[in-house]
Structures are given as structure tokens and as C-alpha cells.
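# An overview of the molecular structure
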Amino acid sequence: MSSLTYDDVVAKYEPVLGLEVHVELNTHSKMFCSCSTIFGGQPNTQTCPVCLGMPGALPTVNEKAIESTILIGLALNCSIAPFSRFARKNYFYPDMPKNFQISQFDEPICVDGFVDVEIDTDEGVKKFRIEVERVHMEEDTGKSLHVGGATGRIHGADYSLLDYNRAGIPLVEIVTKIVPGTGRYAPEVARAYVAELRDILRSLGVSDVKMEQGSLRCDANVSLRIIGSDVLGTRSETKNVNSLRSVERAVRGEMIRHAERLNNGDRVVQETRHFQEDTGLTRSGRSKEQAEDYRYFPEPDLVPVAPDALWIEQLRATLPERPSIRRKRLQEQWSVPDKEMSAMVNADVLDVVEATVLLGSDPTKARSWWLGEISRVANEKEIAIAQLPITPNDVAEIVVLVNSGELTDKLARQVVEGVIAGEGTPAQVISQRGIKVVNDDVALMKAIESACAAQPETAEKVRAGHLPAAGALIGAVMKETQGQADAARVRELLLKHLGQ
Ligand code: ZN
Ligand code: MN
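Among the UniProt annotations of the chain, the heading Sequence similarities (unreviewed entry) holds the following wording: "Belongs to the GatB/GatE family. GatB subfamily." The Catalytic activity (unreviewed entry) comment attached to the chain in UniProt states, word for word, "L-glutamyl-tRNA(Gln) + L-glutamine + ATP + H2O = L-glutaminyl-tRNA(Gln) + L-glutamate + ADP + phosphate + H(+)".

And the structure:
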């Protein structure tokens, strides 16, 4: 449907990004009251007069939420404001019981940070610095459920239900400055930034960062300008993109959509858009042509936040290893080439590979399973690896069975396939599918002897110490056993047989 290629777009236009990420903190209680934050409770069972916005109810700040936000700011290289304030952001929406959100406006708690990301390109690894404008605290809204109608949206619904369990859950909003200069790599940079942010937040332990459950959500602002121009184009804002892959697709899709409009002489409308997972396209949401007036004013029911400098330094001292440093450490420990390391990062398998190694697998084998067969299936099904029913434990178990000669590589592939297909643990798959390895040394010795008898000159060479010649004999044994034998064990037995 589109005649414009991505190459056409980046030959003419420079994309400018702006990324806003909302992250739900994992505190036990809400931002301004003591209600529970546990996910999935019966609707409206985790509420009180404060988070329901009853007249006269007074909020109190959650200290743990402030601590988490300061940690986030420090990890993102921000300055922590010695004095910041909450503000009321006024707007009407039924899932917000107070008709205002307590947020921060002109006095956010953290400012001026940055995040560095690396992208693997055809011209080598490229580094980009994403500057962070601010990190501020606010509260989440409730959830609306639109009943009736085909789409689950409010249009065409018969009625709507409201669940305020989520209302008042602590949210941290992280806003970048505008990000120019990423050129054709804008979609990958946006994805890498959200991935890096997610890894940093996870390492801090301040959120469960589950994009699919909405505890980390990204709004991607995209605009185009003619290359060489310094005038910013009109931006669109794609809301609540909920996977890394979708962040990349949304930015790329918007770049193409904007370019098509501009090439046709149409203007880009300033609006929010919604990303559609199935098509990879966005659809129009709310117009932002008229600047919204939220009538911000300082929240009169809360005192300013003025964190003690000593407390900030104490928190700084507890910062964990940076994900980028962890990657360098793992790369060294596993002796992985750059290219493969970034392949692992891009496929988002670093955590599972590390877990598999910690469970006793060697790094090379762990890597090749997760990056190979398992990633392939996930891509094919267009789902995240975490959604497949295979765990680091399963992979480690399979690697151990291969190393001990109980499975060949070929059979191990069948076991992995079975586990991914939901047939159970490796042991269950092996017994149900009747996967058996020939590890009967007597049977193997027979095959080895007949291979040596069939190729006496080759056997003689091996006996004389020319080990590469053994390959032909091992091949003959594998053929004889129809690939069911463990090649490493065959080699071992063969060399012993020939006095090596
Ligand atoms: Zn409450
Ligand atoms: Mn916000």
C-alpha cells in the first residue's frame, strides 16, 4: 500500500524523537495512601477515601516511592533537586476519581540526566546519548472496562465499569529531551533506549518492568524535518506501546506515515495515536492541536519534598552494577565476540543465558540454544521468548544431558522442540517421545571395529598419531548408527581403540 520505502524516507528527512516512559513502582502501598498495590485483585477492593478522592481525605507521601525515584534519577545520571513539589494536573476523566492527578510540574525531583545506548549497525557499533530532561513522581489512574460492542473500546459499548484498584499506584515518568541525530537508526535507538531503561530499572529492583502488563509503558513522539533544516516538524505521539519490538515498529511506521503525508503536500496533525499490534500501524486518537490547559498549581495538601543530601549520598552508594557494565563483564567471562553479544542483547536473551549458565551450562551452548532454535520459534510465533514454555532450567538440563552423552545434538533439538511445544519438562519429552540415545558402548564398539576394518589405512594413520584422520571413521560410525550415537563418545572410544 505504501510506495515509499524506508530508504526514501531517511534519504530526505531526519527523524526527531522524544520518548516518555511511565513506570509503575513496586511499592507495597499506593503513592498517597496505605492501600495495597497487588495486581489482579477483585475490582475496587484496594481503595480508600484518599485514592477514591472523597472530600476532605488527605494524602500522605509514600517514602519508599521517593526513595525509588531518587534511585532512578541517580542511575540515569540526573541531579536530584534539593526541593521539589507536587502539583495538581486538572482534567476530567472517569477513571480518575479526584478529577485531578497529583503529579509534578515545574519542580520535578530529578533533572538533566542521560542514558547511553549502543546499536549494532553494518558500519559497526554506534553509540548514541539520549538526554533525560526530567524524572517525576505521580499517581496512576483507575481502569475502565467498556462492556458490549465489538472492540472493547468506548465507541459502541453499552456501558462502562470502573475499577479503582490501580488509582493511586506510584508512577514515575521519565521524559527525554528531543533526540535528533539518530537518522536511519531512530527506530533501533528508541528500542535500545527503552530496553536500557528497563534493564536499569530492573537492576534497581524498583519495578517489575513488565511491559506486557503495563508496568512499563512508552509514549513515542516522532517528527520529521528536511535534512539540513533546523525547524522541527509537527510531531505525533504514539501512546502506551507495550513491547520493545512495538516501540521499534511504531517509530518506523510513524516515520513512513509522516513522510508520505509531507511528500503529498499534506500536513502532519499534532495528535496522540494508538499502536495496533496486528498491523504495526497507528490509528488516530485525541487531537492535540489545541494545547490542553491542565491548570497546574502546587498541591496544597502535601508538603514539598526536600531530600536530605546525606540520604541521597547513602542511596548513591547502594546503586547496583550498571547494565552496560554487567554486559561487558559477561562478555568477558563468556569470551563472546562483539557481534554475538549485541545479537544476544537485541534478542533480549542475556538474562536467560546468564540464568542457564548459573544452572551449570557452558556459555557457548546456552547461548546457541537461546539465540538459535528458541529465538527462531519465538520470532516465528511473533511472541517474546519469555512467553514460550521453556525455562533456563530446561535448557541447562538438556545441555547437561548432551555433555554426558545421553543426548546427541540432533536429539537435543527434538527435546527442545517438545518443551517449546508444551509437552512438559525435558525428562517428560524424552520419555513420551521415546527419544533414546545409543550410549551402549558395546554396540558402539562393534560399529567402531567394523569402520576400522572397512578403512584399514585410515585406522593406521590414526594409530600413528594423525588424529584428524579420525573424522572419517567417526562419520562412518554415525552413519551406521543413524545419527543416534553421541559423537563425542564415539571419538573417545575410537581413539582409545586405536591406542591414542
Ligand atoms: Zn487508598
Ligand atoms: Mn504522566
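Still more ground to cover, so stick around.
## Comments concerning the coordination of the manganese ion (ligand 2)
Protein coordination at the manganese ion (ligand 2): the donors are His22 (NE2), Glu138 (OE) and Glu173 (OE), at 2.0 to 2.2 Å from the metal. All donors to the manganese ion (ligand 2) come from one chain, and their sequence spacing reads H-x115-E-x34-E. Of this pair, His22 sits in strand β1 (residues 13-24) while Glu138 is found in strand β6 (residues 124-139), placing the two residues 116 residues apart along the sequence. Across this residue pair, the class does not change: His22 and Glu138 are buried.

## Description of the pattern of salt bridges
Think of it this way: side chains of opposite charge can pair up when their charged atoms draw near. Overall, the coordinates contain 40 salt bridges when judged by the stated rule. For Arg376, the salt bridge identified is with Glu380, shortest N-O distance 2.8 Å. Here Arg376 and its partner Glu380 are both found in helix α9 (residues 363-381), four residues apart, which amounts to about one turn of the helix. Taking the relative accessible area as the measure of exposure, Glu380 reaches 57% and is therefore exposed. One salt-bridge network, held together by shared partners, links Arg198, Asp199, Arg202, Arg326, Asp348, Asp351 and Glu354.

## Section: the coordination of the zinc ion (ligand 1)
For a metal with four tetrahedral donors the ideal donor-metal-donor angle is 109.5 degrees, while six octahedral donors give ideal angles of 90 or 180 degrees. Within the protein, Cys33 (SG), Cys35 (SG), Cys48 (SG) and Cys51 (SG) serve as the donor atoms for the zinc ion (ligand 1), at 2.3 to 2.4 Å. One way to put it: the four donor atoms around the zinc ion (ligand 1) meet at angles of 99 to 115°, and that makes the site tetrahedral. Going along the chain, you hit the donors of the zinc ion (ligand 1) in the pattern C-x1-C-x12-C-x2-C. Residue Cys33 is found in the loop between β1 and α2 (63-75), and its partner Cys51 is found in the loop between β1 and α2; the two are separated by 18 residues along the sequence.

## Quick look at unusual backbone geometry
In this structure, Asn77 takes a positive phi of about 60° despite not being glycine. For Asn77, a relative accessible area of 26% gives the class partly exposed. Phi angles above zero are rare outside glycine, and Asp348 is one such case at about 60°. Position of Asp348 among the secondary structure elements: in the loop between α7 (338-346) and α8 (350-358). Classification of Asp348 as partly exposed rests on a relative accessible area of 38%.

## Here's the deal with the sheet that holds strand β9 (residues 170-176)
In a beta sheet, neighbouring strands are held together by backbone hydrogen bonds and run either parallel or antiparallel to one another. Strands sit in the order β2-β5-β6-β9-β1-β10-β11-β12-β13 across an open sheet of nine strands; the sheet is mixed. Looking along the sheet, the strands with just one partner apiece sit at the ends: β2 (79-80) and β13 (282-287). Alignment of strand β11 (residues 236-241) against strand β12 (residues 271-275), held across four bridges, turns out to be parallel. Note on β12: the bridge partner recorded for Glu237 is Thr272.

## Things to note about the nonpolar core
Counting 76 residues, the largest nonpolar core has Ile72, Leu76, Val135, Ile174, Tyr193 and Met255 as its most contacted members. With residues up to four places along the chain from it excluded, the contact list for Ile174 reads Leu19, Glu20, Val21, Val23, Ile72, Leu76, Val132, Arg134, Val135, Tyr193 and Leu197. Judged by nonpolar contacts, the second largest core, of 34 residues, contains Ala366, Trp369, Ala378 and Leu388.

## Digging into a nonpolar patch on the surface
A cluster of nonpolar side chains, Leu145, Tyr159 and Leu161, forms an exposed patch at the surface whose accessible area comes to about 320 Å². For Leu145, the position within the fold is in strand β7 (residues 143-147).

## What to know about the domain arrangement of the chain
Partitioning the chain into domains gives domain 1 (6-315), domain 2 (323-433) and domain 3 (441-497). For domain 1 versus domain 2, the separation of C-alpha centres amounts to 33 Å. Domain 1 puts 11 residues into the contact, and the matching count from domain 2 is 10 residues. Both faces combined, the contact of domain 1 with domain 2 buries some 780 Å², and carbon together with sulfur accounts for 32% of it. Interface area lost by domain 1 to domain 2 is led by Asp120, Glu196 and Arg245, which between them contribute 44%. Where domain 1 packs against domain 2, one counts five salt bridges. A salt bridge links Glu382 to Arg245, with the nearest nitrogen and oxygen atoms 3.8 Å apart. Inspection of the region where domain 1 meets domain 2 yields four residue pairs in polar contact (both at pLDDT 80 or more). Counting residues per element, the ones that place at least two in the side of domain 1 that touches domain 2 are β5 (110-121), α3 (186-204) and α4 (244-263). For the side of domain 1 that touches domain 2, the element with the highest residue contribution is α3, accounting for seven residues. Here the side of domain 1 that touches domain 2 is built from residues that sort into two nonpolar, one polar and eight charged.

What counts and what doesn't
- Residues numbered from 1 in each chain as written.
- Chains lettered and ligands numbered in written order.
- Predicted model: local features only at pLDDT ≥ 70, side-chain atom pairs only at ≥ 80, totals over all residues.
- Heavy atoms only, no water.
- UniProt positions renumbered as here; feature names shortened; annotations may be inferred.
- Donors = N, O, S within 2.8 Å, 3.2 Å for Na, K, Ca; no water.
- Helix = DSSP H or I, 4+ residues; strand = E, 2+ residues; numbered from the N terminus.
- Buried < 20%, exposed > 50% of the residue type's maximum accessible area, 1.4 Å probe, protein only.
- Salt bridge = Lys/Arg side-chain N within 4 Å of Asp/Glu carboxyl O.
- Tetrahedral: all angles 85-135°; square planar, octahedral: opposite > 155°, others 65-115°.
- Pairing = 2+ DSSP bridges.
- Core = buried A, V, L, I, M, F, W, Y, C linked by side-chain atoms within 4.5 Å.
- Contact = heavy atoms within 4.5 Å.
- Patch = residues over 30% accessible without salt bridge, like charges linked within 9 Å, V, L, I, M, F, W, Y side chains within 5 Å.
- Areas by Shrake-Rupley, 256 points an atom, 1.4 Å probe, with all protein chains shown as cover.
- Domains from an automatic or database assignment.
- Buried area = accessible area lost by both parts, 1.4 Å probe.
- Polar contact = N/O pair within 3.5 Å; in protein donor to acceptor, adjacent residues only side chain to side chain.
- Nonpolar A, V, L, I, M, F, W, Y, C, P; charged D, E, K, R; others polar.

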